[in-house]
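An overview of the molecular structure
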Amino acid sequence: MRPRFTQRFAQARPLARVFAPPLLGFLLVVVLGKAIEWTGHIPARRGFGIEDVILQHQRAASSEASNANLLFVGDSTCLMNLDLSAVPAAGSGIQPLNLGMLSMLPLPSFAELVAEFAQRNPGRPAYVVLLISPGMVEQEPVALSPASSSSAPPRTSFLEIAGLRRLRDLIQGSLPVALPGRYGRFYGFDLGLDQFMRQHQGSAIDPGELSRTSKRPHPIEIKEAFREECAAFRAKLPQHCRLLVGLAPVPREESGGDFPLHHKQLTSELGTLLGTEQALQLPASYPALLFASSTHLKAQARAAYTRQVWKAVLKAVRGSGSGTVPDVPGSEQK
Amino acid sequence: MLFNSNTFLLFFALFYLAYLPLRKSVALRNALILLGSLIFYGSWSVPFLGLMVFTASMDFVLALLISRVKSGGYRRLLLIGSLALNLGILGYFKYAGFALELWSDLLSAFHRESTAKVFAVILPVGISFYVFQSIGYVFDVYRGLIPPERNWIKFLSFVSFFPQLVAGPIERAPQLAPQFSVRQEITVPGCAEAIWLLLWGFFKKVVSADNLAPYVDLVFGQETFAPGLYALATVAFGLQIYCDFSGYSDIARGLAKLLGFDIISNFNLPYFSRNLREFWGRWHISLSSWFRDYLYIPLGGNRRGLERTCQNLLAVMVIAGLWHGAGWPFVLWGAWLGLGLVINHLWRAAALPALGWAPSWFVTMLVVFLGWFLFRARSLEQIYTVLCLNGGVAMPFWTWFFVRGVLIFAVPLLLVETIQFLRKDRLWPVKLPFLPQSIFYGALAALVVIYWKQEGTPFIYFQF
């Protein structure tokens, strides 16, 4: 005889008692996740890769209150080659901040950072120094977004539907994420890189070692796309800012004997394109042993290079040089 | 097919749907388990599936012959045949490359060149586990502890039982094999236990172990950090390998329980041990008891004097180290822990006073975690570099981030296990009232879902 409904129900109850807690508990977490989503009290999702950290750090720095009146902007050579702690900013009346970003970002995005900074800090900055690598003028820019990082955990639609993505972001926000390779060795984690940049006025260090050099097959030429970007950059820059522009050095072994002259011409051409007050006269090349990569200087070379940049900046700002700044051993002056 | 992958979840769901109606017939159930196990193992490699079926079938035949032969000499010969076959296959896949490398190094030390080429052999997943399980079965038949299995399907189901096939526990025939001969009831308490084991196992693997791994890799992937950082990374590794392996074992037990089977508990809160002997009674229990019963005791155990006992302990631990893999760090790890066991034994033999709970726990963990450093090191060079302070003594500025991250993933484990230890009950969450249990289980389930990766990440012990 088939058991009556009540009997079957009585038999099913212990089993329900076993399977209900995880299901009900999971449902509670989903409700919690949805509630958080609706209130919108979770900060935006943090990126996890090196690019993400740099982008997010500099975006945050540009939107914070600051007493900086001189901003360095540019690609990764600006980010990695400057050591602002090495310059005597105190007596100069100039407070610098490095908002250097990444190579491959379009030039106008650097101006957007400045505009954001100016909006948050009215009347500032007085000066903007654009520092880029010579190679940038002939590259096609690729827009990066925090979501493009390969180290970001995969997003799944199930997490989205279940309202768990926000919870994950909340947990991940406090978790240090290990960085790969040489960056992992030096900075350890994304939060380590972020902390380092905060402590070094927005600058970072490339912890690499330039393993081999190869001679550039042809002279650098400014591409048409870059010329258009220059116009867009200038248009986005706040009107009150004075713009200075400079080009980063390259490994001497990668450049020809006439490169210093070419570097100087490129800087001048760039200055004209951007309508700058002054194109900075910066070293064109250094010995390859001072480089961490084909574009970034090693930590040891950064301080001396920064002093040279600072000297050139002060000269441009005041119309005279400070005169006592030591050169990097072996640097090739124009 | 990893337990922590979508593929396995789908596989198990389909398997279980077929299993529920068939479980009442022992023959059909065993056939289904065998089919499921073959599919499960075949998803890694079909040729290696053939190898597993071949070795298990040979042991099936040899055990039958052992039971029929009356002469002790022939019986021993058959046992040696089984051992030679199993250990020969294991040795080839696991140690051939290492042995050739040693040979080549030896010759080069005498300025001679080896003509044999060093080659890399792909290790069949789980070979160390199923081979040991199979050897144990033949040994037990030889010693008359169990009758030989006469049903090939039943025997193959026992050797290839998919919940514990690729990373143990290494089941003993007297414990598991008889379960394939009777109808297994799926009980409510069994399901309750299974749910806890599965949730906790997946949590340990997917949330703790997989998230601790990048921290460990960050440090052990480099060679010139301060020893202090390696010490922290070693602690993280000790937690990672425990979560990874005990997570697997818990999932295996949970799955088996859902099928109505009982497999042994492979871990029993090992990091609460107060001496090395106790540690080995709590860590990878199925392997340590296997070595005790099939190697240490046959070697004479502790019955042939103090000196011989110490030699046996050292020999067994070095072999246990080699079982994990062909490499000097594993040998060193085994020797280090063997030495620890010898000292432990001498201490007891000399009837020296026992240390208090905290000092003995601390010393035990110091020895265990120093062992983990040797185990995790990539090479002897790395061990040497770290011990020679080649990376200096200054800790990197990001050390606190390391500690913070490790703590985040270690604290839930430590909390749950401390309660398990204090209550002397590893199943306390099963007995929680409805609401607290729902909140606890729900939080575990949500974290597992959050950190779940579709393809899963391999378990550390798969490489052994």
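All chains use their own residue numbering, which begins from 1 and follows the written sequence. For naming, the first written chain is A and the first written ligand is 1, with later ones following in the order written. Only residues with pLDDT of 70 or above have their local features reported here, since the model is predicted, and side-chain atom pairs are shown and tallied only from 80 upward, although totals for entire chains, interfaces and linings are computed over all residues.

Considering the overall build of chain B
Strands here are runs of E lasting at least two residues and helices are runs of H or I lasting at least four, both read from the DSSP assignment and numbered beginning at the N terminus. When helices and strands are counted, chain B shows 17 helices and zero strands. When the backbone C-alpha atoms are referred to their principal axes, chain B occupies close to 65 × 65 × 50 Å. Burial status across chain B gives 43% buried among its 464 residues. Throughout, a pair of residues is in contact if the C-beta atoms placed from their backbones lie within 7 Å. Long-range contacts, defined here as pairs at least 24 residues apart, represent 75% of the contacts in chain B between residues at least 6 apart. Working definition of burial: number of other C-beta atoms within 10 Å of the residue's own, with buried at 20 or more, exposed at 12 or fewer, and partly exposed in between, all C-beta atoms being placed from the backbone.

Some remarks on the packing of helix α2 (residues 26-42) of chain B against helix α3 (residues 46-68) of chain B
All names here are of chain B. To obtain an axis, a line is fitted to C-alpha atoms, over the contacting stretch when the element is a helix, and the angle between two such axes runs from 0 to 180 degrees between their N-to-C directions. Relative to each other, α2 and α3 sit at 135 degrees, their axes nearing to 8 Å. What the angle tells us is that α2 and α3 run oblique. Taken together, the residues of α3 that come into contact with α2 (itself represented by L38, Y41 and G42) are V46, L49 and M52. Tallied by class, residues from the contact of α2 with α3 come to five nonpolar, one polar and no charged. Roughly parallel refers to an angle under 35 degrees, roughly antiparallel to one over 145, roughly perpendicular to one between 65 and 115, and oblique to any angle outside these ranges. Throughout this entry, Asp, Glu, Lys and Arg are counted as charged residues, while Ala, Val, Leu, Ile, Met, Phe, Trp, Tyr, Cys and Pro are counted as nonpolar. The remaining residues, Gly among them, count as polar.

Details of the domain arrangement of chain B
What fixes the domain bounds is an automatic or database domain assignment. Each assigned domain of chain B is listed here: domain 1 (24-183) and domain 2 (189-451). Mapped onto the side of domain 1 of chain B that touches domain 2 of chain B, the elements with two or more residues apiece are α4 (72-109), α5 (127-142) and α7 (173-176) of chain B.

Things to note about the nonpolar core
Counting 211 residues, the largest nonpolar core has V114 of chain A together with V448 of chain B as its most contacted members. For this core, the leading source of residues is helix α8 (residues 188-220) of chain B, giving 20 residues. Inspection of this core shows a minimum of three residues originating in each of domain 1 (24-183) and domain 2 (189-451) of chain B. With near-sequence residues (within four places) excluded, V448 of chain B lies in contact with F202, F203, V206 and V207 of chain B. For this analysis, nonpolar core means a set of buried Ala, Val, Leu, Ile, Met, Phe, Trp, Tyr and Cys residues linked through C-beta atoms within 7 Å.

Quick word on the interface of chain B and chain A
Every contact between the two is made by 29 residues of chain B and, on the other side, 24 residues of chain A. Of all elements in the fold, only α8, α16 (399-423) and α17 (434-451) of chain B reach the threshold of two or more residues within the side of chain B that touches chain A. Top element by residues in the side of chain B that touches chain A is α17 of chain B. It accounts for twelve residues. Among the residues making up the side of chain B that touches chain A, the classes are represented as 23 nonpolar, five polar and one charged.

A few points about unusual backbone geometry
For the peptide bond that leads from R124 of chain A to P125 of chain A, omega is -5 degrees, which places it in the cis range. Within the secondary structure, P125 of chain A sits in the loop between α4 (107-120) and β3 (127-132). Phi is positive for H284 of chain B, which is not a glycine, with a value near 40 degrees. Tracing the backbone shows H284 of chain B in the loop between α10 (276-282) and α11 (285-296). Residue classification places H284 of chain B among the buried residues on the basis of 22 C-beta atoms within 10 Å. Located in the positive-phi region is L389 of chain B, a residue other than glycine, with phi close to 60 degrees. Considering the arrangement of structural elements, one finds L389 of chain B in the loop between α15 (380-387) and α16. Its 11 C-beta neighbours within 10 Å are what place L389 of chain B among the exposed residues.

As for the pairing of strand β1 (residues 70-74) of chain A
All names here are of chain A. Within β1, five of the five residues are buried, leaving the element largely enclosed by the surrounding structure. Of the two faces of β1, the one carrying L70, F72 and G74 and the one carrying L71 and V73 are both buried. One bridge is not enough; two strands pair if DSSP finds at least two bridges between them. One ladder, built from three bridges, connects β1 with strand β2 (residues 96-98); its direction is parallel. By the bridge assignment for β2, L71 is matched with L97. Two elements, β1 and β3, share five bridges in a ladder whose sense is parallel. In the sheet register, F72 faces β3, and the bridge partner there is V129.

Structural notes on the sheet that holds β3 of chain A
Each strand in a sheet pairs with another by means of backbone hydrogen bonds, the pair being arranged parallel or else antiparallel. Residue and element names in this part refer to chain A. Here five strands make up an open sheet; going across it, the order is β2-β1-β3-β4-β6 and the pairing parallel. Whereas interior strands pair on both sides, the edge strands pair on one side only; in this sheet they are β2 and β6 (278-279). Contacting β4 (242-247) and β6, helix α10 (residues 259-274) runs over the sheet at an angle of about 155 degrees to β4.

Brief notes about α10 of chain A
All names here are of chain A. Take the residue count of a helix, subtract one, and multiply by 1.5 Å to get its expected span. Over its 16 residues, α10 runs 22 Å from end to end, which matches the ideal 22 Å to within 8%, given 1.5 Å per residue. Listed in full, the buried residues belonging to α10 are F259, H263, L266, T267, L270 and L274. All buried residues of α10 fall inside an arc of 100 degrees around its axis, so they share one side. Residues of α10 that are exposed and point over 90 degrees away from its buried face: L261, Q265 and T272. Elements in contact with the buried residues of α10: α9 (224-236), β4, β6 and β7 (285-286). Of the residues trailing α10, G275 is marked for its positive phi of about 60 degrees. To be clear, the arc concerns the directions from the helix axis to the C-beta atoms.

Things to note about the confidence of the model for chain A
The share of residues in chain A with pLDDT of 70 or more is 81%, and the mean pLDDT across the chain is 81. Each residue carries a pLDDT score, the predictor's confidence in it, ranging from 0 to 100. Counting interchain partners and residues more than four positions distant, the pLDDT-below-50 stretch residues 145-152 of chain A has 17 contacts.

Things to note about α5 of chain B
All names here are of chain B. Taking 1.5 Å per residue as the helical rise, α5 with its 16 residues ought to reach 22 Å, and the 22 Å between its terminal C-alpha atoms agrees with that figure. Burial within α5 is extensive, with 15 of its 16 residues counted as buried. One or two positions beyond α5, positive phi appears at G144, with a value near 75 degrees.

Points about the environment of F375 of chain B
Residues and elements named next belong to chain B. Positionally, F375 belongs in helix α14 (residues 357-376). For the pair formed by F375 and W333, sequence separation is 42 residues and the distance between their alpha carbons is 5.6 Å. Dropping the residues within four chain positions of it, F375 is found in contact with P329, F330 and W333.

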